[in-house]
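So you can see what is in the structure, the chains are spelled out below.
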Amino acid sequence: MELALLYSGGKDSTLAALVLERFYDVTLVTGSFGVTDDWQHARDAAERTPFEFERVALDREVAMDAVAQMVSDGYPRNGIQQVHEHALEVVAEMDVDAVADGSRRDDRVPTVSRAQAQSLEDRHDVHYLSPLSGFGRGAIDDMVAASLDVESGPSETLEKSDYESELRELLRAEFADASVSDVFPDHTQTRVRDVR
């Protein structure tokens with residue numbers, strides 16, 4: 001069975017792929033709005049895994065709407081959620097049996113509700129999987145320590161391929177540099193260097 005997993009090159013999406021590989025032919029899929037070339041960081045991380053990699057184009061208008069939402073809200077949650085839902089829709093249109101992401105039990109965003117998952121499955125005739133959704137941060141950290149070599153750092157400086165890097169760039173271009181720090185709180189992210 002073919003599965004497309006939304007992939008950022010970070011620990012969660014890589015760990016999700018490792019969990020699913022026993023049951024599916026996993027392809028790591030990174031969505032890009034074409035704003036930056038940051039998607040290449042996910043490709044580079046994917047090369048260290050046993051999985052195929054693919055880049056898909058996301059609708060730039062969705063990114064613009066998300067950025068406007070973030071500026072209006074003063075925080076990124078709703079904008080990131082919009083983008084994630086759009087990315088799942090795009091990936092569900094691929095010729096696959098299932099789609100997945102690396103969302104965890106303790107994530108605030110993005111999340112996929114039961115109703116959203118069922119709707120995605122019904123409309124696209126795919127299965128939606130979130131293999132890490134039952135695991136808390138401590139368990140994830142233990143599994144990552146046993147299976148991955150990761151680099152951690154501040155989100156604004158770590159080279160990564162999640163939605164945030166392109167959204168930050170759009171914020172800078174459309175609303176000036178100050179709005180990036182106004183919208184995105186300081187937080188740490190990861191990038192996979194190797195699979196053990």
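If you're wondering where the values come from, they're calculated on a predicted model, not measured in any experiment. Counting starts from 1 at the beginning of each chain's written sequence and moves along it residue by residue. Given that this is a predicted model, residues contribute local features only at a pLDDT of at least 70 and side-chain atom pairs are listed and counted only at 80 or more, while totals for whole chains, interfaces and linings are drawn from all residues. Side-chain measures here rest on the full set of heavy atoms in the structure, leaving out hydrogens and waters.

Peer 1: Just to check I follow, could you spell out helix H5 (residues 114–124) for this structure?
Peer 2: Side chains that are three or four residues apart share a direction in an α-helix, a result of its 3.6 residues per turn. Looking only at H5, the buried set comprises Ala117, Leu120 and His124. With its buried residues spanning 65° around the axis, H5 presents them on a single face. Among the exposed residues of H5, those oriented more than 90 degrees off its buried face are Arg114, Ala115 and Asp122. In this structure, the buried side of H5 is in contact with helix H4 (77–92), strand E4 (98–100) and strand E5 (127–129). Just downstream of H5 lies Asp125, where phi reads positive at about 55°. Summary of the burial criterion: residues with accessible area below 20% of their type's maximum are buried, those above 50% are exposed, and those between are partly exposed, where the area comes from a 1.4 Å probe applied to protein chains only. Helix and strand assignments follow DSSP, with helices taken as H or I runs no shorter than four residues and strands as E runs no shorter than two, numbered in order from the N terminus. Think of the arc as the fan of directions from the helix axis to the C-beta atoms. Only heavy atoms enter the contact rule, under which two residues are in contact if any of them lie within 4.5 Å.

Peer 1: For this particular structure, what's the right way to read the environment of Gly134?
Peer 2: As for its position among the elements, Gly134 is in the loop between E5 and helix H6 (137–147). For Gly134, a relative accessible area of 55% translates into the label exposed. C-alpha separation for the pair Gly134 and Ala145, spaced 11 residues apart in sequence, amounts to 18 Å.

Peer 1: Just checking my understanding: could you explain the nonpolar core for this structure?
Peer 2: In summary, soluble globular proteins display a tendency toward joint burial of nonpolar side chains. Side-chain atoms within 4.5 Å are what join buried Ala, Val, Leu, Ile, Met, Phe, Trp, Tyr and Cys residues into a set we call a nonpolar core. Of all hydrophobic cores here, the largest spans 32 residues; its most connected members are Val99, Leu167 and Phe184. Contributions of two or more residues to this core are made by strand E1 (2–6), helix H3 (60–73), H4, H5, helix H7 (163–175) and helix H8 (178–183). Of all the elements, H4 adds the most residues to this core, at 7 residues. Setting aside chain neighbours within four positions, we find Phe184 in contact with Met70, Pro76, Ile80, Glu164, Leu167, Arg168 and Leu171. Grouped together as the second largest cluster of nonpolar side chains are 22 residues, Leu5, Tyr24, Leu28 and Val192 included.

Peer 1: Hey, could you run me through the sheet that holds strand E2 (residues 25–32) in this one?
Peer 2: Note on sheets: strands pair through backbone hydrogen bonds, and any given pair is parallel or antiparallel. Here, a strand pair is defined by DSSP locating no fewer than two bridges between the strands. Reading across from one edge, E3-E2-E1-E4-E5 is the order of the 5 strands in this open sheet, with parallel pairing throughout. The open sheet terminates on both sides in strands that have one partner only, identified here as strand E3 (52–57) and E5. Across the sheet, the mean angle from the axis of one strand to that of its neighbour is 30°, orientation sign disregarded. In terms of strand pairing, E1 meets E2 through 5 bridges, oriented parallel. An axis is simply a line fitted to the C-alpha atoms; with a helix, the fit covers only the stretch in contact. Between two such axes, the angle follows the N-to-C directions and lies from 0 to 180 degrees.

Read these as geometric descriptors, not functional statements.
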